[in-house]
Amino acid sequence: MRNKSALFSAARPAPTGAARRTIEHNARVRRRLGLVGFGGALAVGASFTTPFTTGAEIATALAIGAFLAAELVAARRRPRAPREAPPRWRAGAAWGALGGTVLAFELWNYFAGPRAAHPTLSYFLSAVAGQPWSRGIMFAAWLALGGWLVSR
Amino acid sequence: MSDRLATIVVWVALALVALGLEAVAVATHRLAGIGAALGRLARPPAGRLVVALGWMWLGWHVFAR
């Protein structure tokens, strides 16, 4: 006896060409909308939390877990990039130098103390994230950065 | 000038340098923008790991701790 799926596939041939592309496109859109909805809900939830609480840890851990899961899935789908010629050093050297300077200045301020006299980047970020609305926006921006990283 | 004010001035100067670099990248294409530079850093597996760990640390540091 033929099973149900065999009968179904016999009655409706697998879509090809434009129909198949449309189905795949719609699936991608649904997946992205789902991720955006999840991220938005998480950002709203995180906006009502405060650091050093279980709620804040759960919201952040959920985001990191989702990032790791998405990265694992994306890594399997990502085609292995062909070996390319090394980029010109100056193209990214300016950002490297700036990043190194920021890191050095951050560490210097961190160890110089007190924090009020030597504010670090965290000091400013914590001040900005003090309000629920700004905290929610920052959380959403952090999630968007993670999404961008996964998509590359 | 107090230590606090001097520190804030340096932070603002660094932010202006970042904005200037991005502006030069967009206007002339002779430099990589911040997105392109990060993307290039994240291309090899080791660089990707560094960027991913940095992203996770940033979120945990700012939002959880």
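About the thresholds
- Each chain has its residues counted from 1, running along the sequence as written.
- By the order in which they are written, chains take letters starting at A while ligands take numbers starting at 1.
- In keeping with the predicted nature of the model, local features appear solely for residues at pLDDT of at least 70, side-chain atom pairs appear and are counted solely at 80 or more, and the whole-chain, interface and lining totals rest on all residues.
- The basis for every side-chain value is the complete set of non-hydrogen atoms in the structure, without hydrogens or water.
- A run of DSSP states H or I qualifies as a helix once it reaches four residues; a run of E qualifies as a strand once it reaches two. Both are numbered from the N-terminal end.
- Only protein chains enter the accessibility calculation, which uses a 1.4 Å probe; a residue whose area is less than 20% of its type maximum is buried, one above 50% is exposed, and one in between is partly exposed.
- Under the convention used here, a 1.4 Å probe and the Shrake-Rupley method define accessible areas, while residue burial counts only the protein chains that appear.
- In what follows, salt bridge is the name for a side-chain nitrogen of Lys or Arg lying within 4 Å of a carboxyl oxygen of Asp or Glu.

Tell me about the overall build of chain B, residues and numbers included.
Of the regular secondary structure elements, chain B holds 3 helices and 0 strands. Ordered by position in the sequence, the α and β elements of chain B form the string α-α-α. If one aligns the C-alpha atoms of chain B with their principal axes, the spans along those axes are about 45 × 40 × 15 Å. In chain B, buried positions account for 31% of the 65 residues. With an accessible surface of roughly 3900 Å², chain B has 77% of that area assigned to carbon and sulfur atoms.

Go over the pattern of salt bridges, please, and point to the residues and values.
A complete count under the given rule lists 2 salt bridges over all chains for this structure. Its salt-bridge partner being A:Glu24, residue A:Arg20 comes within 3.4 Å of it at the nearest N-O pair. With A:Arg20 and A:Glu24 both in helix H2 (residues 17–47), this residue pair falls 4 residues apart, about one helical turn. Residue classification places A:Arg20 among the partly exposed positions, given a relative accessible area of 45%. A:Glu71 is the salt-bridge partner of B:Arg48, the closest N and O atoms lying 2.6 Å from each other. Here B:Arg48, found in helix H3 (residues 45–64), pairs with A:Glu71, found in helix H3 (residues 54–77), and the two come from separate chains. The class of B:Arg48 is buried, set by a relative accessible area of 12%. Judged by its relative accessible area of 14%, A:Glu71 falls in the buried class.

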